[in-house]
Amino acid sequence: RRQEEAAQAGRQGLYERFERLSEQVLKMSHSVAAVTQDVAELRNDIKTEVMPTIDNYRLEIARRLGVLWAGRMMWTTLVGVAGAIGFAFHEMIKFFMK
C-alpha cells in the first residue's frame, strides 16, 4: 500500500510537471506567433515604405549618370564640330593664299 501511494505521488508530481511544461510551451507558441506577425508587418513596411525610397534613389542615380553621359556626348560633338570647322577654315585659307 505504501509503495502504491509513493507511486501515485510520483505520478501526480510527473503529471503536474508535464502540465506546467505544456503551459509554457503554449505560452511560447503564442510568443512565436506574435513575433511572426511582427516580422510580417515589418516586411510589409519595408516593401511599402523603404523600397520605393531605394527605387527612387536608384532612378535618380541613373538619371544623373544619363545626364553626365549626354553632356559628355554633347561636348565631344561640339569639340569635334569645332575642330572640323577650324580645319576647314585652315584649309580654305591655305587654298586661297596660294
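Just so it is clear, the structure is predicted and the values come from calculations on it, not from any experiment.

Cut-offs and rules
Residues numbered from 1 in each chain as written. Predicted model: local features only at pLDDT ≥ 70, side-chain atom pairs only at ≥ 80, totals over all residues. Heavy atoms only, no water. Patch = residues over 30% accessible without salt bridge, like charges linked within 9 Å, V, L, I, M, F, W, Y side chains within 5 Å. Areas by Shrake-Rupley, 256 points an atom, 1.4 Å probe, with all protein chains shown as cover. Salt bridge = Lys/Arg side-chain N within 4 Å of Asp/Glu carboxyl O. Buried < 20%, exposed > 50% of the residue type's maximum accessible area, 1.4 Å probe, protein only. Helix = DSSP H or I, 4+ residues; strand = E, 2+ residues; numbered from the N terminus. Expected span 1.5 Å × (residues − 1). Bend = angle between axes of the 7 residues up to and from the residue.

Novice: Please provide a residue-by-residue account of a nonpolar patch on the surface, values included.
Specialist: Together, Val81, Ile85, Phe89, Met92, Ile93, Phe95, Phe96 and Met97 line one region of the surface with nonpolar side chains, adding up to about 910 Å² of accessible area. Classification of Phe89 by relative accessible area gives partly exposed; the value is 47%.

Novice: I'd like a description of helix H1 (residues 2-96), backed by residues and values.
Specialist: The terminal C-alpha atoms of H1, which comprises 95 residues, lie 135 Å apart, in line with the 141 Å expected from a rise of 1.5 Å per residue. The sharpest bend along H1 measures roughly 35 degrees and falls at Val50, with the proline Pro52 sitting one to four residues further on.

Novice: Just give me the short version of the pattern of salt bridges, but keep the residues and values in it.
Specialist: On inspection of all chains with the given rule, the structure shows 3 salt bridges. A salt bridge links Glu60 to Arg64; the nearest nitrogen and oxygen atoms lie 3.1 Å apart. Here Glu60 pairs with Arg64, and both are found in helix H1, just 4 residues apart, close to one helical turn. The class of Glu60 is partly exposed, set by a relative accessible area of 27%. We note a salt bridge from Lys94 to Glu91, for which the minimum N-O separation is 3.8 Å. Of the two residues, Lys94 and Glu91 are both situated in helix H1; the distance of 3 residues between them amounts to about one turn of the helix. The network of salt bridges with shared partners includes Glu60, Arg63 and Arg64.

Novice: So what about the environment of Arg72? Which residues, and what values?
Specialist: By secondary structure assignment, the location of Arg72 is in helix H1. Overall, the relative accessible area of 58% leaves Arg72 in the exposed class. For the pair Arg72 and Phe95, spaced 23 residues apart in the sequence, the C-alpha separation amounts to 34 Å.

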